[in-house]
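What the coordinates show
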Amino acid sequence: RARRARARAAPRGMATYVDVGANLTDGMFRGVYRGKRAHEDDLGAVLRRAREAGVSDIIVTAGTLEEAREAVALARETREDGAAPRLYATCGVHPTRCGAFADDVDGADAHLEKLKRVALDGKASGTIVAIGEMGLDYDRLEFCDAATQKEMFEKQFALAEATSLPLFLHMRAACDDFLEIIDRNAHRFTAGVVHSFTGGAREAAAVLARENLLIGLNGCSLKTQENLDVVKTIPLDRIVLETDAPWCGIKPTHAGFAAVAPPLSWPKPVKKEKWFPGALIKDRCEPAHIVCVAQIIACAHGVGVDVVAEACARNARRVFCIDKSHYPTVGS
């Protein structure tokens with residue numbers, strides 16, 4: 001174990017990052033886009049690039065029961081790979097996919113029990129560190145109606161009670177209903193992260209008023225000047241970093257793009273059809289891009305990137321109880 005720990009440690013002086021939300025079970029990291037293969041499986045290369053960029057830990061987001069099982073399997077598979085970050089997973093059902101409860105042939109309660117078994121087993125093995133992704137998404141009601149989302153959001157607090165794990169939360173265009181449910185169930189969970197935050201100043205203040213909630217920021221949180229103005233109001237001790245890879249990449253049209261300075265060692269991104277071993281794919285975000293997220297936040301707050309990386313990694317490890325004993329602190 002000591003050998004693996006040393007292999008994962010960032011080079012001396014390099015900022016160390018924790019990516020609290022990456023969709024590594026997505027087919028894009030296996031070379032499959034919308035059901036069609038475009039290139040070889042390159043997840044291994046993606047993970048190595050993340051480690052080289054200073055990413056020590058990644059929480060693999062699950063939005064369904066099957067994704068939770070896949071995320072746990074992936075975390076276990078990579079535990080022996082000292083060249084990759086250490087992977088963890090979440091267990092829960094995304095608001096737009098809450099129809100899965102009714103679709104389960106064994107019934108909604110049985111579906112919850114299946115999730116609970118995965119969560120408890122994953123917690124025992126040290127792979128599952130959060131319940132989610134759960135919450136409300138009123139921007140995409142075509143996938144699941146609001147009534148079902150609210151019912152199943154509330155239902156999943158039973159998983160937090162059973163495991164004592166924190167929540168990985170989704171809130172989109174539903175702040176009032178979301179916080180009403182959070183407040184009603186405040187006694188049922190310890191802490192949580194409102195991930196991929198894109199709300200305005202009012203929503204940010206409302207979330208921060210709940211002392212056990214943190215805010216997850218990624219490329220989607222940093223698109224406009226209004227977004228950046230909101231980021232300035234969020235204290236660093238309430239922020240965690242994420243990429244939401246392969247989604248939420250930072251683009252030249254985004255307001256904070258001027259602050260982005262990717263490592264010189266990164267190849268120029270290419271279209272998926274032009275893939276080669278080690279390539280970065282255009283419009284496919286990956287965990288290494290957390291460096292760019294931190295750069296924009298650092299610029300907004302007027303501090304160094306290492307300050308952002310250290311504060312946000314500390315927050316993530318505290319909330320998700322990720323063991324940091326074998327990782328150096330920034331600048332050590």
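Residues numbered from 1 in each chain as written. Predicted model: local features only at pLDDT ≥ 70, side-chain atom pairs only at ≥ 80, totals over all residues. Heavy atoms only, no water.

**What about the overall build of the protein?**
Looking only at helices and strands, the protein features twelve helices and ten strands. A globule of 332 residues ought to have a C-alpha radius of gyration of about 20 Å, and the protein, at 19 Å, matches this closely. If you line up the protein on its principal axes, its C-alpha atoms span 50 × 40 × 40 Å. Here the protein holds 332 residues, and 56% of them are scored as buried. Taking the contacts inside the protein whose residues are at least 6 apart along the sequence as the reference set, 76% of them involve residues at least 24 apart. Approximately 14000 Å² of the protein is accessible, and the part contributed by carbon and sulfur atoms is 52%. (Helix = DSSP H or I, 4+ residues; strand = E, 2+ residues; numbered from the N terminus. Rg over C-alpha atoms; globule rule 2.2 N^0.38 Å. Buried < 20%, exposed > 50% of the residue type's maximum accessible area, 1.4 Å probe, protein only. Contact = heavy atoms within 4.5 Å. Areas by Shrake-Rupley, 256 points an atom, 1.4 Å probe, with all protein chains shown as cover.)

**So, the packing of helix H10 (residues 225–232) against helix H11 (residues 290–301)**
One way to put it is that H10 packs onto H11 with a least axis distance of 9 Å and a crossing angle of 70°. Judged by the angle between their axes, H10 and H11 are roughly perpendicular. By crossing handedness, the relation of H10 to H11 is classed as right-handed. Of the residues in H11, those in contact with Leu228, Val231 and Lys232 of H10 are Ile296, Ile297, Ala300 and His301. Residues belonging to the contact of H10 with H11 are distributed by class as follows: five nonpolar, one polar and one charged. (Axes fitted to C-alpha atoms, helices over the stretch in contact; angles between N-to-C directions. Parallel < 35°, antiparallel > 145°, perpendicular 65-115°, else oblique. Left-handed = near helix turned anticlockwise from the far one by under 90°. Nonpolar A, V, L, I, M, F, W, Y, C, P; charged D, E, K, R; others polar.)

**What about the side chain of Lys114?**
Turning to its location among the elements, Lys114 is positioned in helix H5 (residues 108–125). Residue class for Lys114 comes out buried when judged on its relative accessible area of 17%. Not counting chain neighbours up to four residues away, the residues in contact with Lys114 comprise Leu65, Arg69, Asp104 and Asp106.

**Description of the confidence of the model for the protein**
Per-residue pLDDT for the protein has a mean of 93; in total, 93% of the residues score no lower than 70. Low confidence marks residues 325–332, where pLDDT is under 50. Its contacts with residues over four positions away, or in another chain, come to 17 contacts. (pLDDT = per-residue confidence, 0-100.)

**Things to note about the state of the cysteines**
Throughout the structure, instances matching the rule amount to one disulfide. Residue Cys220 pairs covalently with Cys248 via a disulfide, S to S 2.4 Å. Between Cys220 and Cys248 the disulfide shows an S-S torsion of about -95°. By sign, it is left-handed. Of this pair, Cys220 sits in the loop between strand S9 (213–217) and H10 while Cys248 sits in the loop between strand S10 (239–241) and H11; the two residues are 28 residues apart in sequence, bridging distant segments of the chain. Across the pair, Cys248 and Cys220 agree in class, each one buried. (Disulfide = S-S within 2.5 Å.)

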